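So the chains spell out like this:
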Amino acid sequence: MSYLSKIDLTKTPKHIAIIMDGNGRWAQKQGHLRLYGHNFGVESIRETLKAAKELKIEYLTLYAFSTENWNRPKEEVDGLMDLLVKSLANEIKELSDTGVRLSTIGDIEGLPQECQDELQESIELTKDNNEINLVLALNYSARWEIIDAVKKIASEVKSSNLLINDLNAEKFGLYLNTKNIPDPELLIRTSGERRISNFLLWQIAYTEFHFTEVLWPDFKREDLYKAVLDFQSRERRFGKVSEQLT
Ligand code: IPE
Ligand code: IPE
Ligand code: MG
C-alpha cells in the first residue's frame, strides 16, 4: 500500500525544502562519472514535484548548487551549469503548463550569463502560475544571505530609512532572499548525511528534519510521501508543553 493513503491531506506542510545529496556517490557506485548522477537527479526532481503537487504543497525549495560547490573540479562545475541550462530549456514549457511558478534564491549574478538568461526567461514565463512555487537555491549560502541582509539593513539605518529599535525577527526576514516565502516546516536531506551545509540557517529555526539514506537519484514519489508521514508523526511544540497544544 502506498504511503500516500496514510497522509492527512489537511495537515501537509506548506513548504518543503530539500538538500538533494548523493548524486556523485550514486554514479560512482555504478562505475560512472559523477555527472551521470547529476543527470539522473533531474528525474527525481520531476517526480518530487509531481508528488508535492499531489499533496498540495505550496512551496518546494531545492538546494541545487551551493556557494561552496564552486570548489569542485572545473569539469563538474561546468557540467552542472550546463545541466541547469539544458534542463530548464527542456522542461520549462511543461512546468509552466502544469502551473509551476519558478523562482530562485542565492547570488544569481554570480552564475554564468547563460544560466542567468535561461533562468530569467523561465521565471518570466511562469510568473502568473499558482499551482506550486518551485524555488531553486543556486549559488546559495545561508551565511551569504544573512550578511547580504545585514548590509542592506546597515545602509537603510545609515540613510535614516530604518530605526535600529524597529528591527525585529519579522522585519529581518524581509531582507532575506526568502522574503514572502513562509519558513519550511519540513527539511529533507538525502544520502545519509546529517548536516545543513549552509542551507537556510535563519529559516529553519523551527523546521522538522527528515534524513534518509536514499541517494538523490533514487528518491521518488514514495520517498516524499514517507517524509511527509514522518513529519505528521512529530509533535511541534514551539517551546510549549504537550498539554498546551490542542
Ligand atoms: C548533490 O550530490 C548535488 C550537488 C551538490 C550539486 P553530490 O554531487 O553532492 O553527490 P555526493 O554527495 O558527492 O554523492
Ligand atoms: C549540499 O551538498 C549542497 C547541495 C545539495 C547543492 P554538498 O554535497 O555540497 O554538501 P557537503 O559538502 O557534503 O556538506
Ligand atoms: Mg554531496
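A. Inspection of the nonpolar core at higher detail. One finds Ile16, Ile18, Leu60, Leu134, Leu138, Ile188 and Leu224 to be the most contacted residues of the largest nonpolar core, which totals 40 residues. With 8 residues, the single largest contributor to this core is helix H3 (residues 74–97). Look past the residues within four positions of leucine 60 in its chain and what remains in contact with it is His15, Ile16, Ile18, Thr48, Leu49, Ala52, Ile132, Asn133, Leu134 and Val135. Tyr59, Tyr63, Leu187 and Leu200 belong to the second largest nonpolar core, which has 15 residues in total.

B. Geometry of the packing of H3 against helix H4 (residues 113–126). Relative to each other, H3 and H4 sit at 15 degrees, their axes nearing to 9 Å. It follows from the interaxial angle that H3 and H4 lie roughly parallel. Both H3 and H4 take part in a crossing whose hand is left-handed. Packed against H3, whose contacting residues are Met81, Leu84, Val85, Leu88, Ala89, Ile92 and Ser96, the element H4 presents Glu114, Cys115, Glu118, Leu119, Ser122, Leu125 and Thr126 at the interface. Within the contact of H3 with H4, the residues separate by chemical class into 9 nonpolar, 3 polar and 2 charged.

C. Summary view of the site of ligand 1. Around ligand 1, 13 residues are found, and the nearest of them are Asp21, Gly24, Arg25, Arg34 and Arg72. In this structure, aspartate 21 approaches ligand 1 through a side-chain N or O atom, which is 2.8 Å from an oxygen atom. Separating an oxygen atom of ligand 1 from a backbone N or O atom of asparagine 23 is a distance of 3.1 Å. Coverage of ligand 1 by the protein amounts to 87% of the 380 Å² it exposes when considered alone. Going through the elements one at a time, helix H1 (23–29), helix H2 (34–54) and H3 are the ones with two or more residues in the shell around ligand 1. Across the shell around ligand 1, the residue classes tally to 3 nonpolar, 5 polar and 5 charged.

The rules behind the values
- Residues numbered from 1 in each chain as written.
- Chains lettered and ligands numbered in written order.
- Predicted model: local features only at pLDDT ≥ 70, side-chain atom pairs only at ≥ 80, totals over all residues.
- Heavy atoms only, no water.
- Core = buried A, V, L, I, M, F, W, Y, C linked by side-chain atoms within 4.5 Å.
- Buried < 20%, exposed > 50% of the residue type's maximum accessible area, 1.4 Å probe, protein only.
- Helix = DSSP H or I, 4+ residues; strand = E, 2+ residues; numbered from the N terminus.
- Contact = heavy atoms within 4.5 Å.
- Axes fitted to C-alpha atoms, helices over the stretch in contact; angles between N-to-C directions.
- Parallel < 35°, antiparallel > 145°, perpendicular 65-115°, else oblique.
- Left-handed = near helix turned anticlockwise from the far one by under 90°.
- Nonpolar A, V, L, I, M, F, W, Y, C, P; charged D, E, K, R; others polar.
- Near = heavy atom within 4 Å.
- Polar contact = N/O pair within 3.5 Å; in protein donor to acceptor, adjacent residues only side chain to side chain.
- Areas by Shrake-Rupley, 256 points an atom, 1.4 Å probe, with all protein chains shown as cover.

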